Amino acid sequence: MCGRFLLIATPDEVAALLGYLDGEWFPPRYNIAPTQPIAIVRRVNGARRFALVRWGLVPGWVEDPRRFSLLINARAEGIGEKPAFKGAFRHRRCLIPASGFYEWRGSKGSARQPHLLRRTDQAPFAFAGLWESWLGRDGSEIDSATIITVAARGEPARIHDRMPLILGPESYDTWLGGDDHRPPDLHPLIEAAPIGSLESFAVGTRVNSVDNDGPDLIEPPAPTLF
């Protein structure tokens, strides 16, 4: 799964990677957590557009989002048949920019060590995502998104059995799709994922708390003193 990630690339770097029209500014964030705003890029009238949405998908058929479990991840396996995701998978796919993501290693019931996974050149990349727009009877609106996950391969498999679906730039148009709203075949996208460029290393446990943010979160843990 992916339950925490970071985006510390500059807005210009992200815009250059994802090719959207908007000149949006956003601050570096080292500890992005569920329910917080996340950046997405989606196709609107044939163009890539930037938006900020809530992390945790809320399907349009949900009556009360307050009573609905957060859908921060969507497993790629069978995604086109799952009621919570099949509409978004067909019509509302997006790119989610990131500079890296965190996974925790260790068995339940024991101290789990957080690790950061990022590109070896520290360049930003994009997760495959889905987005939805929920409308309440009172006129309230929630735009939300989820990150697609797949079985871990390569370096991420050393840390966890699942990982976000990372897309290379050559796959962006295929994922975002065209006017026919035909969902893509996931298998080639999974096989083409640029996982060979990823590295991982342990970081300190301050990242465990969503209240913490800042560049110190991606520093190696302090040595244990005996």
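1. What to know about the overall build of the chain
A tally of helices and strands in the chain yields 4 helices and 13 strands. C-alpha atoms of the chain, sized along the principal axes, occupy 60 × 40 × 35 Å. A buried classification covers 48% of the 226 residues belonging to the chain. Long-range pairs, those at least 24 residues apart, make up 66% of the contacts in the chain with a sequence separation of at least 6.

2. Some thoughts on the nonpolar core
Membership of the largest hydrophobic core comes to 56 residues, with the highest contact counts inside it found for Phe5, Ile38, Ile40, Leu95, Phe127 and Trp175. In terms of residues, this core owes the most to one element, strand 9 (residues 125–135), which gives 6 residues. In contact with Trp175, other than residues within four places in its own chain, are Phe89, Arg93, Cys94, Leu95, Ala128, Gly129, Leu130, Ile148, Leu167, Pro184, Leu186 and Leu189. Ranked by size, the runner-up nonpolar core spans 9 residues in total, among them Trp104, Leu116, Val207 and Ile218.

3. What to know about the environment of Phe50
The topology assignment puts Phe50 in strand 4 (residues 47–55). Relative accessible area serves as the criterion here: at 11%, Phe50 is assigned to the buried category. With 26 residues separating them in the primary sequence, Phe50 and Glu24 have C-alpha atoms 7.4 Å apart. When neighbours within four sequence positions are excluded, Phe50 is seen to be in contact with Tyr20, Asp22, Glu24, Phe26, Ala39 and Ile40.

About the cut-offs
- Residues numbered from 1 in each chain as written.
- Predicted model: local features only at pLDDT ≥ 70, side-chain atom pairs only at ≥ 80, totals over all residues.
- Heavy atoms only, no water.
- Helix = DSSP H or I, 4+ residues; strand = E, 2+ residues; numbered from the N terminus.
- Buried < 20%, exposed > 50% of the residue type's maximum accessible area, 1.4 Å probe, protein only.
- Contact = heavy atoms within 4.5 Å.
- Core = buried A, V, L, I, M, F, W, Y, C linked by side-chain atoms within 4.5 Å.

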